[in-house]
Amino acid sequence: MTRVVLGGYHLATTRIWSTVDIMPDLVFELGTEELPANACESALEQLRAAVEAKLMAARLPAVSVQVFGTPRRMIVLATGVPPRQPDLAKEAKGPSRSAAYDANGNPTGAAIGFAKKQGIAVESLGILISQQGEYVVARVVEQGKPSIEVLGAVLEEAVESLNFPKMMRWGDGAVRFARPVRWILALLDSAVVPVEIAGIKSGRKSRGHRFLSPDEFEVSNTSEFLGKLRAAYVIYDPQERLESIRSQANRLAASLKGSIPWDEDLLNENNWLVEWPTALAGSFDAAYLELPRPVLTTAMKKHQRFFPLEDKQGNLLPKFIAVRSGGDRAIDVVREGNERVLSARFNDARFFYQQDRETPLAIIGEKLGRILFQEKLGTLAEKRWRLELLVRAAVESLGWNADEKEKAARAATLCKADLASHMVAEIPALQGIVGREYALSSGEDPEVADAIAEHYKPKSAGDSIAETRLGKLLALVDRLDTLVGYVGIGILPSGSSDPFGLRRAAHGAIQILADVPEMPPLHELQLHAAQAYREANNLEFNVDDMSKNLGGLFDQRMEAFLQDRGIRYDLIDAALSGGATSLMPVHAVVRRAEALRDLAGDPEFVPLVTVAGRVANILRGTDRGTDHTAVRGSDGYLGSETVVVESALRVLESKSRNVEQSLLDEPSERRLYAEANRRLPEIAGRAAEYDFQGLYRALIPLRPAVDKFFDDVLVMVEDPAVRDNRLALLRFVDALYKALADFTKVVMA
């Protein structure tokens, strides 16, 4: 397939292509052993972005870059690739003119050496006149290469840039990738693009479905590739494959007078396990329905990747839907095999469930001392002890009543007990879920049982948090215990490596605190957690180092959390880098960042950013310009609400008192001081209440006085007393603006 494109240009070239050029298409297929289902989507997006960026860097921008994939292949289709690179005019700056030529205008050794290095004659050197002076320059035109000679390196580098959760080596071990590479197809229209990855060289051959069409087939040109792939029983488009699974499964479910309670994660996982999906229905003995529904559905989903069925009333049916990669040949044999495996799972689950229920959950929990939490951090029994201490401290701080405190303490005692059960040992995904069932059967309070199930939420960034107040608190302190312990002994995530899920734990804590204003602040929980390690494990952490490292980790996760909410990176930076009034809890920082996002389109936003930035930039260059009350990270949004309410007005008033009114000579500076003081109470009040929309409106009337000040007043006068006083005035004004954000971080288009 080719494209006819009319003209084009490049900033540093004479032209990209002729007035009418044929634009070829590029097809690249990397064939592998089956890739991990949870890594496929991310890898494809990485590949798309890498190919697009590297084509641009190679001066070969495609009209479009699409990616497709299955568990066995990653495909790139780049349409409209230029047939060759444009020529590139490069300019290299050399020695000064005075050093390059003598008094008679003859080139010196410096000029001759520079010209030789650039590969041109010394007579070809030019002169560049700039504010810094006159310099010789070498202007060289780099001839563009045919695309076929460049694309191989582009594709190799793109593949090498991919990251997977786990990498492996094979063969001579020189290459690390998620799975062994088996074949490479790379075509530019009908020509083979030379590519070599992991010792495999590219060609024009591909492979179809592993069983339905196992033989290799040859591809003559890019236009026939996708059609031949489909003919070989490969649905290469992930979205089409997913909808095929959904449609087939829904039809089967309807024929069985049931419906599927769709789990999108499970659907997506099945999608990345097949190339040619075929749905099939199976059944199991209705006697198993005596088991709790979570036990049955978890066994179906986690172990077998089956979809459960339910009736119109939402009751579980003794049936399931499975997906195979292939057609309907011997489908009954496959069904029988699936049913046998599932029945074996259910038999084990029933045995363990019955065995566990003979013992109260609290007694099961006595075995936690046999299970190691972490080598240096002790057993799960010690973790349980720490959670009890943390929960007691938190509910005391929150002012819960006696009944609530008792339930919280009981939930902390029992929340990890099911980890010592036979059922969780067999099916780890049931932790918390089966704990709730055992708690209820042991006669525990339903609120305690619900908190046991909920305290593992959120399990991932996209998961919801616990619904109950007790569940949220237990989830929060559980994560803080883990984070403080691991960070306290010097274990932190590095690069893409996070084997203990610390980023996930920090993200979960942020997610909970963003939604629950009344929770204790992070810094308070950290200190309580460190104290709990002292009491339960006799471990003494360096609190300063721990807080610093945790602050950096929470900074990263806070930024990621706000990005997930669609907030621009610069507005996030501005929200996290305010002044002393940014001593606020997580939920307030989220509100501030969201307010900046919503306000960015307001007509007054750009003028306010401009004038606030002007104030801050003048202060930046002075000896005392650094505002030491400006905070970020663990010293900022890990703070408490009490600190904010009590300090907002006090901090701003202290800035005002630093200004000596008797030294305000100019009418414009007196006007600015008066206007700033007039606005101060409302600004402080809005900041303390986290009313950032109102705070923004309170700051807008300040701008005319600031503009007039800069028009009429010279700040850096010779008189040191007057100069310092004017700087103090600007620091006062700067603090008012930073009550909302650090506007120097905002990027203006």
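Residues numbered from 1 in each chain as written. Predicted model: local features only at pLDDT ≥ 70, side-chain atom pairs only at ≥ 80, totals over all residues. Heavy atoms only, no water.

Colleague: Go over the packing of aromatic side chains with me, naming the residues and quoting the values.
Modeller: This structure, assessed with the given rule, holds 17 aromatic pairs. Ring centres of Phe605 and Phe743 lie 6.3 Å apart, and the angle between their planes is 70°; on these two criteria the pair is classed as edge-to-face. Note that Phe605 is positioned in helix H22 (residues 605-620) and Phe743 in the segment after helix H27 (720-738), a separation of 138 residues in sequence. Exposure class is identical for Phe605 and Phe743. Each is buried. An aromatic cluster is defined as three or more aromatic residues linked by ring pairs; in this entry it consists of Phe284, Tyr288 and Phe346. Here the guanidinium or amino end of Lys93 rests over the ring plane of Tyr135, the centre of that ring lying 4.1 Å away. Residue placement shows Arg246 over the ring face of Trp262; its charged tip is 5.4 Å from the ring centre. (Phe/Tyr/Trp six-rings, centres within 6.5 Å; stacked < 30°, edge-to-face > 60°. Helix = DSSP H or I, 4+ residues; strand = E, 2+ residues; numbered from the N terminus. Buried < 20%, exposed > 50% of the residue type's maximum accessible area, 1.4 Å probe, protein only. Lys NZ or Arg CZ within 6 Å of the ring centre and 35° of its normal.)

Colleague: Can you lay out the pattern of salt bridges for me, pointing to particular residues and giving the numbers?
Modeller: If you walk through the whole model with that rule in mind, you get 48 salt bridges. Of the charged contacts, one joins Glu310 and Arg293 as a salt bridge, the two residues approaching to 2.8 Å between their closest N and O atoms. Placement of Glu310 in strand E18 (residues 307-310) and of Arg293 in helix H8 (residues 293-304) is noted, with a sequence separation of 17 residues between them. Among the residues examined, Glu310 registers a relative accessible area of 16% and is labelled buried. The shortest N-O distance in the salt bridge between Glu669 and Arg726 comes to 3.2 Å. (Salt bridge = Lys/Arg side-chain N within 4 Å of Asp/Glu carboxyl O.)

Colleague: Now, about helix H6 (residues 238-255): what can you tell me, with residues and values included?
Modeller: Side chains of residues three or four places apart in an α-helix project in the same direction, reflecting 3.6 residues per turn. Under the 1.5 Å per step criterion, the end-to-end length of H6 is 26 Å for 18 residues, consistent within 8% with the ideal 26 Å. Those residues of H6 that sit buried are Pro238, Arg241, Leu242, Ile245, Arg246, Gln248, Ala249 and Ala253. Turning to H6, the residues buried within the fold contact helix H1 (40-57), strand E4 (64-70), helix H7 (264-271), strand E17 (277-283), E18 and strand E19 (316-325). The backbone nitrogen of Gln239 has a side-chain oxygen 3.0 Å away, supplied by the residue at the start of H6, namely Asp237. Lys257, located one to two residues past H6, shows a positive phi value of around 60°. (Expected span 1.5 Å × (residues − 1). Contact = heavy atoms within 4.5 Å. Polar contact = N/O pair within 3.5 Å; in protein donor to acceptor, adjacent residues only side chain to side chain.)

Colleague: Account for the pairing of E19, naming residues and giving values.
Modeller: With 8 of 10 residues buried, E19 lies mostly within the body of the structure. Between E18 and E19, which pair antiparallel in sequence order, lie 5 residues; one of them, Gly314, sits at a positive phi of approximately 85°. (Pairing = 2+ DSSP bridges.)

Colleague: Talk me through the pairing of strand E11 (residues 181-188); I want residue IDs and the actual numbers.
Modeller: For E11, the tally of buried residues reaches 7 of 8 residues, placing the bulk of the element in the interior. By the bridge criterion, 7 bridges tie strand E3 (residues 26-32) to E11 in an arrangement that is antiparallel. Of the residues in E11, the one forming a bridge with Glu29 is Leu185. With 2 bridges connecting them, E11 and strand E12 (residues 191-192) associate as antiparallel partners. Counterpart to Leu187 in the pairing with E12 is Val192. Between E11 and E12, which follow one another and run antiparallel, lie 2 residues, and Asp189 among them has a positive phi close to 55°.

Colleague: Give a detailed account of the sheet that holds E12, specifying residues and quantitative values.
Modeller: The strand order across the open sheet formed by 5 strands is E4-E5-E3-E11-E12, and the pairing between neighbours is antiparallel. If you trace the sheet from one side to the other, it starts and ends with E4 and E12, each paired once. With 6 bridges connecting them, E3 and strand E5 (residues 73-79) associate as antiparallel partners. By the bridge assignment for E5, Val27 is matched with Leu77. Each of E4 and E5 touches H1; the most contacted strand, E4, lies at about 150° to it. (Axes fitted to C-alpha atoms, helices over the stretch in contact; angles between N-to-C directions.)

Colleague: Lay out the packing of helix H19 (residues 543-564) against helix H21 (residues 586-599) with the relevant residues and their values.
Modeller: Between H19 and H21, the shortest axis-to-axis distance is 11 Å and the interhelical angle comes to 45°. Taken together, the axes of H19 and H21 lie oblique to each other. Note that H19 runs across H21; the crossing there is right-handed. Here H19 contributes Met558, Phe561 and Leu562 to the contact with H21, which in turn contributes Val586, Val589, Val590 and Ala593. For the contact of H19 with H21, the class distribution of residues is 7 nonpolar, no polar and no charged. (Parallel < 35°, antiparallel > 145°, perpendicular 65-115°, else oblique. Left-handed = near helix turned anticlockwise from the far one by under 90°. Nonpolar A, V, L, I, M, F, W, Y, C, P; charged D, E, K, R; others polar.)

Colleague: An account of the confidence of the model for the protein chain is needed here, citing residue identities and associated values.
Modeller: When the pLDDT values of the protein chain are averaged, the result is 89; 93% of them are 70 or greater. For the protein chain, per-element mean pLDDT is lowest for strand E1 (residues 2-6), which scores 40, and highest for E18, which scores 98. In the predicted structure, residues 579-583 sits below a pLDDT of 50 and forms 21 contacts with residues beyond four places in sequence or in another chain. Scored below 50 in pLDDT, residues 625-646 makes 68 contacts in the model with residues more than four places away or belonging to other chains. (pLDDT = per-residue confidence, 0-100.)

Colleague: Help me get a handle on the sheet that holds strand E6 (residues 88-96), residues and values and all.
Modeller: An order of E6-E8-E7 is seen for the 3 strands of this open sheet, with the pairing classed as antiparallel. Either end of the sheet is taken by a strand with one partner, and the two such strands are E6 and strand E7 (126-130). Between one strand and the next, the sheet's axes are offset by a mean angle of 40°, whatever the strand orientation. Relative to the sheet, helix H3 (residues 109-118) contacts E6 and strand E8 (133-142), its axis offset from that of E6 by approximately 160°.

Colleague: Go over the side chain of Lys416 with me, naming the residues and quoting the values.
Modeller: Structurally, Lys416 can be placed in the loop between helix H12 (402-414) and helix H13 (422-426). You can call Lys416 buried: its relative accessible area is 5%. A polar side-chain atom of Lys416 sits 3.1 Å from a polar atom in the side chain of His455. Not counting residues up to four positions away in its chain, the partners in contact with Lys416 are Leu368, Lys383, Leu387, His455, Tyr456 and Asp478.

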